[in-house]
Amino acid sequence: MFRYAKEGDIDQILPTLFQIFDEMELDIFKELGNDTMAQIIREGFELPDYRYGLDHILVNEIDGKVGAISVGYPEELEDGIDAPLVKIMHEHGIKKDSIFTDKEAWPGEWYLDSFAVAPDMQGKGIGTKTLKELIELIRKRGEKIMSLNVDVTNKPARHLYDKVGFKKVGQIYIGSHLYDHMQLELNK
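The structure contained in this document is the topic of the report that follows.

Conventions we followed
Residues numbered from 1 in each chain as written. Predicted model: local features only at pLDDT ≥ 70, side-chain atom pairs only at ≥ 80, totals over all residues. Heavy atoms only, no water. Buried < 20%, exposed > 50% of the residue type's maximum accessible area, 1.4 Å probe, protein only. Helix = DSSP H or I, 4+ residues; strand = E, 2+ residues; numbered from the N terminus. Pairing = 2+ DSSP bridges. Right-handed = clockwise from strand over helix to strand, strands pointing away. 1 Å grid on protein atoms, 1.4 Å probe; cavity = no way out; pocket = protein on both sides within 12 Å on 5 of 7 lines; lining within 4 Å. Points joined across faces, edges and corners; volume = space filled by probe spheres on them. Nonpolar A, V, L, I, M, F, W, Y, C, P; charged D, E, K, R; others polar. Axes fitted to C-alpha atoms, helices over the stretch in contact; angles between N-to-C directions. Parallel < 35°, antiparallel > 145°, perpendicular 65-115°, else oblique. Left-handed = near helix turned anticlockwise from the far one by under 90°. Contact = heavy atoms within 4.5 Å.

Buried residues dominate strand β4 (residues 109–117), accounting for nine of its nine residues. When strand β3 (residues 65–74) meets β4, the two strands line up antiparallel, connected through seven bridges. Paired with Tyr73 across the strands is Tyr111, a residue of β4. Pairing geometry for β4 and strand β5 (residues 145–151), over four bridges, is parallel. Residue pairing across strands places Leu112 opposite Leu148, the latter belonging to β5. Running through helix α5 (residues 126–140), the crossover from β4 to the neighbouring parallel element β5 is right-handed.

In this model, the largest pocket occupies a volume close to 690 Å³. Together, 33 residues line the largest pocket, and Phe115, Ala116, Asn154, Ala157 and Tyr161 are the ones closest to its centre. Elements with a contribution of two residues or more to the lining of the largest pocket: α1 (10–24), β4, α5, β5 and α6 (155–163). Of all the elements, β4 adds the most residues to the lining of the largest pocket, at seven residues. Taken together, the residues of the lining of the largest pocket break down into 19 nonpolar, nine polar and five charged.

A regular strand places its side chains on the two faces of the sheet in alternate fashion. Most of strand β2 (residues 57–62) sits out of view: five of its six residues are buried. Relative to β3, β2 runs antiparallel, the two being bridged by six bridges. Its bridge partner lying in β3, Asn60 is registered against Ala68. Remark: two residues form the turn of the hairpin made by β2 and β3, two consecutive strands paired antiparallel; Asp63 in that turn has positive phi of roughly 50°.

Another aspect to go through is the packing of α5 against α6. It is the contact of α5 with α6, at a shortest axis distance of 10 Å, that shows an interaxial angle of 45°. Between α5 and α6, the angle falls in the class oblique. The handedness of the crossing between α5 and α6 is right-handed. Where α5 abuts α6, its residues Gly127, Thr128 and Leu131 lie against Leu160, Tyr161 and Lys163. For the contact of α5 with α6, the per-class residue count stands at three nonpolar, two polar and one charged.

See below:
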């Protein structure tokens, strides 16, 4: 069942989300450690308008378990999407103004910020099924272009995105990693 995340999903969402953070090798996670960042992000789940707030996370629930997660938003929200978390970081004595410092989405896009399958459910077609359902949902909302960034070294993810119709339109750096910026035209 494809649905918005709810508070009871948080313990299942975090490990799946942290697969992405681990691959990105973000400096703030190295400095503060995964446990501290997990606590901060956990506090942020309840915040409206936050990148990883429950209102931006969709899950594919399979047999009562979160099998896959997707996080996304329209590009015009990107500039302020982490502001709610910065406040929490400051409350914890962390004087950073952002987790992410690089612009990831292009104007006019609905941006798929994060997409991952739970570790114990990988290799079962759940990623393909979930991504197709997400694409249809975003299409029905009236969005014209869906985008994402995939690490150039992540061949399995790139294969999935190619398979469902995403096309490479450029490259960007996020942190120290090079990513292919991919788009899918939703009105075709």
